[in-house]
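These are the residues of each chain, in order.
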Amino acid sequence: MAPASYSAGAKWFHWITAALLAIALPVGFVIQHIKDSDKTIFYTLHESAGLTILLVALARLAWRLRHPPPPLPAQVPRLLQRVAAAVHHSLYALLILQPILGFVATNAWGFPLRGESAYLGFIDLPQIMEKNEGLAEVLQTLHTIGGWAILVLLVLHVAGVVFHQAIRRDGTLLRMI
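What counts and what doesn't
- Residues numbered from 1 in each chain as written.
- Predicted model: local features only at pLDDT ≥ 70, side-chain atom pairs only at ≥ 80, totals over all residues.
- Heavy atoms only, no water.
- Core = buried A, V, L, I, M, F, W, Y, C linked by side-chain atoms within 4.5 Å.
- Buried < 20%, exposed > 50% of the residue type's maximum accessible area, 1.4 Å probe, protein only.
- Helix = DSSP H or I, 4+ residues; strand = E, 2+ residues; numbered from the N terminus.
- Contact = heavy atoms within 4.5 Å.
- Expected span 1.5 Å × (residues − 1).

K.L.:
Mind laying out the nonpolar core, listing which residues take part and the relevant values?
P.N.:
Counting 28 residues, the largest nonpolar core has Leu-51 and Ile-150 as the members making the most contacts within it. Mapped onto this core, the elements with two or more residues apiece are helix 1 (8-30), helix 2 (39-66), helix 3 (78-108) and helix 4 (133-168). No other element matches the 10 residues that helix 3 contributes to this core. Once residues within four sequence positions are removed from consideration, Ile-150 is found in contact with Leu-21, Leu-25, Leu-91, Leu-94, Leu-95 and Gln-98.

K.L.:
Describe in detail the environment of Phe-163, supporting the description with residues and values.
P.N.:
Within the secondary structure, Phe-163 sits in helix 4. Owing to a relative accessible area of 31%, Phe-163 belongs among the partly exposed residues under this scheme. Separated by 10 residues in the primary sequence, Phe-163 and Leu-173 have C-alpha atoms spaced 9.8 Å apart. For Phe-163, the contacting residues outside a window of four places in its chain are Leu-80 and Arg-168.

K.L.:
How would you explain the environment of Ser-90 if you had to name every residue and give the values?
P.N.:
Along the chain, the position of Ser-90 falls in helix 3. A C-alpha to C-alpha distance of 7.7 Å links Ser-90 and Leu-153, two positions 63 residues apart in sequence.

K.L.:
Could you give an account of helix 1, with specific residues and numbers?
P.N.:
Along an α-helix, a turn takes 3.6 residues, which lines up residues three or four apart on a common side. For helix 1, built from 23 residues, the straight-helix expectation of 33 Å at 1.5 Å per residue is met to within 8% by its first-to-last C-alpha distance of 34 Å. All buried positions along helix 1 are accounted for by Gly-9, Ala-10, Lys-11, Phe-13, His-14, Thr-17, Leu-20, Leu-21, Ala-24, Leu-25 and Val-27. On the buried face of helix 1, the contacting elements are helix 2, helix 3 and helix 4.

Right, dumping it as structure tokens:
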């Protein structure tokens, strides 16, 4: 018997988030290696993808509250259910917290998303604070840790998908495609 499937809306939110992460994470990890004269486009792309992830994550969370996910198949052991829930809840939290940390850090560095580095390249966002390099360094460190944490959680998530599809063969993957 095939497991219950996620709603079409949940699937759209999932795959849009995956696509945005496929942009934000690699760009974020390589920015430090780009020469200064070429960084603006990378920052604009990274920050725009990040803030869009925030908007999508909030909409996704609202959707999820109104459209609960289908239960996992009964044959999935309780421990695996708990691990899956922990990974999903952690991802949701970081998909909301990470862009906020990045936005505040950018402002603290004295580079609000305006002009050349505006959101999506043309939407100027408000400057929320004056430059504060001490705060910026702390926020940047937290943002970097968050990026690595998201990457680890994504690896765990994909490993779980592969485990369920290739080893358990319980149809869990089919719930999201």
